[in-house]
Amino acid sequence: MLRKENSRSYQEFSDDGYEQTAHACEEVRVNPGESDDSAFPVGEDDAVVSNTLRGFNSACLKNVFSTLLMFIYLLLTTVAVFLAYQTITDFMEKLSHPVMSVNYKEVDSFEPAGIALYLGKAQLLSCKHHHHAYIPPLVSPGQPEEGDCVTEEVTYMGPYSNHTRKTALVVQGPTDVRNRELIFLQFSQNETGEDFSSISYMLFSRFSDLTKSTDKAAFMQGCERNYSIWMFSGGFRTWVKMSFVKTSGKGVESVEFRQESSVVKYNDRRAESERDNQLFFIVFEWRDPFIQEVHDVSCHNCSIVTANPWNTIAILCGVFMALFKAANFAKLSVKWMIKIRKRHLKHRERELTHIS
């Protein structure tokens, strides 16, 4: 019994398996194209390849765009560094060459300046004060006349040579600038063998400094070292208009005179016998009632400042902020590029694994 049942069950199993196998083979014989398509799907492979190419093209475009952005920001960073260098260079140059501030102070009168005249062989004929820039006609030119000027004669050794003795006739200068006070001086000199004849003069700040000085010779030596010497010629009337300039900075204060001069020829109407002496005429007057004060901006005691240092500081801050922003953006761009690259490689590896 057991053998019959086993043989029967084996026969049923074999019959079922045979029927299934035969049915599958018939399906293969009937639809061979469907079997091939289902085993190797061609449409899905084309879709995978096209998606891979599309992803690769987009990644390439992103990389090119990122590289272009990096190049632009590197260019901007280079420009910002150059501007920062130029700004710092200009700032250092301003520190080494500070800007001078000029102020004009109006006064009613000046302290009388000192006018040192080096006559040589010439002789002072007259020295008179006049007002309102008017000089009356000459009455007796070439003849000595009474004057109203304050004068003082000083003899000293030249500051640049101990063997040169100089004699200076110092005249007190005009003071009343509102009424245009002036000093008119007349000199005469005998004919000499020189080709040109002239008289030298020097201006210094205050006549009172000479009168108060205990050593007038040393005072005149110091004035000659610090002030310039000018000249005026014979046969002309030289009109000198003075201006006063004070310069202060770094704890040092200096004074100088600036002058404008005009020259007019003298028409000598004397007789031929009286023309042996050559005449010199000179006029000293203040140009305007203003004292020009020049201050160094870097001086701590100066109250006048024309340049604002905050402008330079603001420019420097803006430049450095632009540099920081550019560097930060460049760092973020690099991180983004690395991230995109990693994502692209991971996606590509996944696609290759799927295809394989």
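As recorded by an unreviewed UniProt entry, the protein carries the name Proton-activated chloride channel and is attributed to Megalops atlanticus. The Sequence similarities (unreviewed entry) field of the UniProt record for the protein holds the comment "Belongs to the proton-activated chloride channel family."

Enquirer: So what's going on with the state of the cysteines? Residues and values would help.
Expert: As enumerated under the stated definition, the model contains 1 disulfide in all. Linked covalently through their sulfurs, Cys127 and Cys149 form a disulfide whose S-S length is 2.1 Å. Residues Cys127 and Cys149 are joined by a disulfide whose S-S torsion is about -85°; by sign, that bridge is left-handed. Of this pair, Cys127 sits in strand 3 (residues 123-130) while Cys149 sits in the loop between strand 3 and strand 4 (151-157); the two residues are 22 residues apart in sequence, bridging distant segments of the chain. Both residues of the pair, Cys127 and Cys149, belong to the buried class.

Enquirer: Give me the lowdown on the packing of aromatic side chains, citing residues and values where you can.
Expert: One pass over the structure, following the stated rule, counts 11 aromatic pairs. The structure contains a cluster of three or more aromatic residues connected by ring pairs, namely Phe187, Tyr201, Trp230, Phe232, Phe280 and Phe284. The cationic tip of Lys166 hangs over the ring face of Tyr118; the distance from NZ or CZ to the ring centre is 5.7 Å.

Enquirer: Residues and numbers for the side chain of Ser243, please.
Expert: You can see Ser243 is positioned in strand 9 (residues 236-249). The class for Ser243 is buried, based on a relative accessible area of 7%. If near-sequence neighbours (up to four positions away) are discounted, Ser243 is found in contact with Glu256, Phe257, Arg258, Trp286 and Arg287.

Cut-offs and rules
- Residues numbered from 1 in each chain as written.
- Predicted model: local features only at pLDDT ≥ 70, side-chain atom pairs only at ≥ 80, totals over all residues.
- Heavy atoms only, no water.
- UniProt positions renumbered as here; feature names shortened; annotations may be inferred.
- Disulfide = S-S within 2.5 Å.
- Helix = DSSP H or I, 4+ residues; strand = E, 2+ residues; numbered from the N terminus.
- Buried < 20%, exposed > 50% of the residue type's maximum accessible area, 1.4 Å probe, protein only.
- Phe/Tyr/Trp six-rings, centres within 6.5 Å; stacked < 30°, edge-to-face > 60°.
- Lys NZ or Arg CZ within 6 Å of the ring centre and 35° of its normal.
- Contact = heavy atoms within 4.5 Å.

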